[in-house]
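Coordinate inspection notes
Letter by letter, the chains look like this.
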Amino acid sequence: MQVSKRAVIPVLLVLVTVALVAAAQARTEAPAAHGVASKGYKFFLLPKFVGIDPFTQSNQGAQQAAKQLGDTVKYGGPSKPDVGQQIQFINNAVQQRYDAIIISGNDPNALAPALKKAARRGTKVVSFDADVAPTARTIFARPASAQSIGAVEVVELGKQMRYTGQFAILSATPTSSNQNTWIGFMKKELKKPRYKRMKLVKIAYGNDDPTKSTEEAQALLTAYPKLKGIISPTSVGLPAAARVVQQQRKCGKVNITGLGGPNQMRAFVKKGCVKSFALWSFVDLGYLATRAADAVASGRLTGVAGQKFDAGRLGKKTVEPGGIVTTGQPIVFNRKNIDKYHF
Ligand code: RAM
């Protein structure tokens, strides 16, 4: 069959136009990075309080995840670990129609009514760092198992005080679910026979306030002159306790361990006043919580054990019983490895 040139050119033009339109459509419908379609959700990241490294770092991780997913994250919270202020932030986020609140709770139960109301109004809830009542959130993103975090602190203190003598715990606020759960696992670890000569004499609360933590550490040294150690499972309490021991020239006599950032603790470790302590990447934790929030907002994740979701650079994650997702394991820092870490 003979086809004239004049007939072929318009047909070609139509074909090229159709192909170009299809390609453009494919681009706009393409899934966001990491193969996850996103609608550009709005999240509110609400820490226990603002102004300390761990929470600032979780915001960095949250921003990384949001950027990859095409979502946005607004970071804000109380200036101190205050439940009432946190409730106001929750209510405001609901009024402003955020798709999800990502919260580190100051009190698991006191926050529950406001969070449940949020869910009823269409703002989903993901907790991170310090869980809220499980019925008031869909997913809890935690740094590591509570068992491993509690146990590691007792393991480290045990070695330091040669498994003998009195020790105390200097915690955050009495209603902090993360510290309370970790303390529960410390007590469990302490039941092992190797700790039978170690005695927990007091649990004090520095309320994640530097001044109150300092006063409580001083009070412990006064009340228990034979004290051989303090575990402070908070990034505010740990440097405060170390400073008090250093100022009272009791390094080596009173061993200090717990949870804190390598940057905060480096000088104490270099001086030999703190031998070891632990923590994890709060950047990763904020990143994981935000990836989870995206999956919850889209309905892909409902908190049922066994569900899987794409946690971007952290790989595929599976929801554990209780609606929990975990970043990894705690890192133990000491004189040998601390200079490898800069957070
Ligand atoms: C403080 C806070 C936070 C906790 C760390 C270890 O920054 O209490 O919730 O995870 O310490």
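Presented here is an overview of the structure given in this document. (Residues numbered from 1 in each chain as written. Predicted model: local features only at pLDDT ≥ 70, side-chain atom pairs only at ≥ 80, totals over all residues. Heavy atoms only, no water.)

**Let's talk about the packing of aromatic side chains**
Taken as a whole, this structure holds 13 aromatic pairs when the rule is applied. Ring centres 6.2 Å apart and planes at 40 degrees place the aromatic pair F44 and F89 in the tilted group. With F44 in strand β1 (residues 42-46) and F89 in helix α3 (residues 83-95), this residue pair connects regions lying 45 residues apart in the sequence. The exposure class assigned to F44 is buried, which follows from its relative accessible area of 6%. The class of F89 is partly exposed, set by a relative accessible area of 25%. Both rings, one in Y341 and one in F343, keep their centres 6.4 Å apart while their planes meet at 85 degrees; by these two values the pair is edge-to-face. For Y341, a relative accessible area of 22% gives the class partly exposed. Taking the ring centre of Y287 as reference, the NZ or CZ of R313 above it sits at 4.1 Å. (Phe/Tyr/Trp six-rings, centres within 6.5 Å; stacked < 30°, edge-to-face > 60°. Helix = DSSP H or I, 4+ residues; strand = E, 2+ residues; numbered from the N terminus. Buried < 20%, exposed > 50% of the residue type's maximum accessible area, 1.4 Å probe, protein only. Lys NZ or Arg CZ within 6 Å of the ring centre and 35° of its normal.)

**Quick look at the sheet that holds β1**
A sheet is described by the order of its strands in space; here six strands give the open sequence β2-β1-β3-β4-β5-β13, paired in parallel fashion. The open sheet has two edge strands, β2 (72-75) and β13 (324-326), and neither has a second partner. Going across the sheet, the axis of each strand differs from the next one's by a mean of 25 degrees, ignoring polarity. As paired strands, strand β4 (residues 124-128) and strand β5 (residues 139-142) are joined by three bridges and run parallel to one another. When the sheet's bridge partners are listed, F128 is paired in β5 with A141. Across the face of the sheet, helix α2 (residues 53-69) comes into contact with β1, β2 and β4 while running at roughly 165 degrees to β2. (Pairing = 2+ DSSP bridges. Axes fitted to C-alpha atoms, helices over the stretch in contact; angles between N-to-C directions. Contact = heavy atoms within 4.5 Å.)

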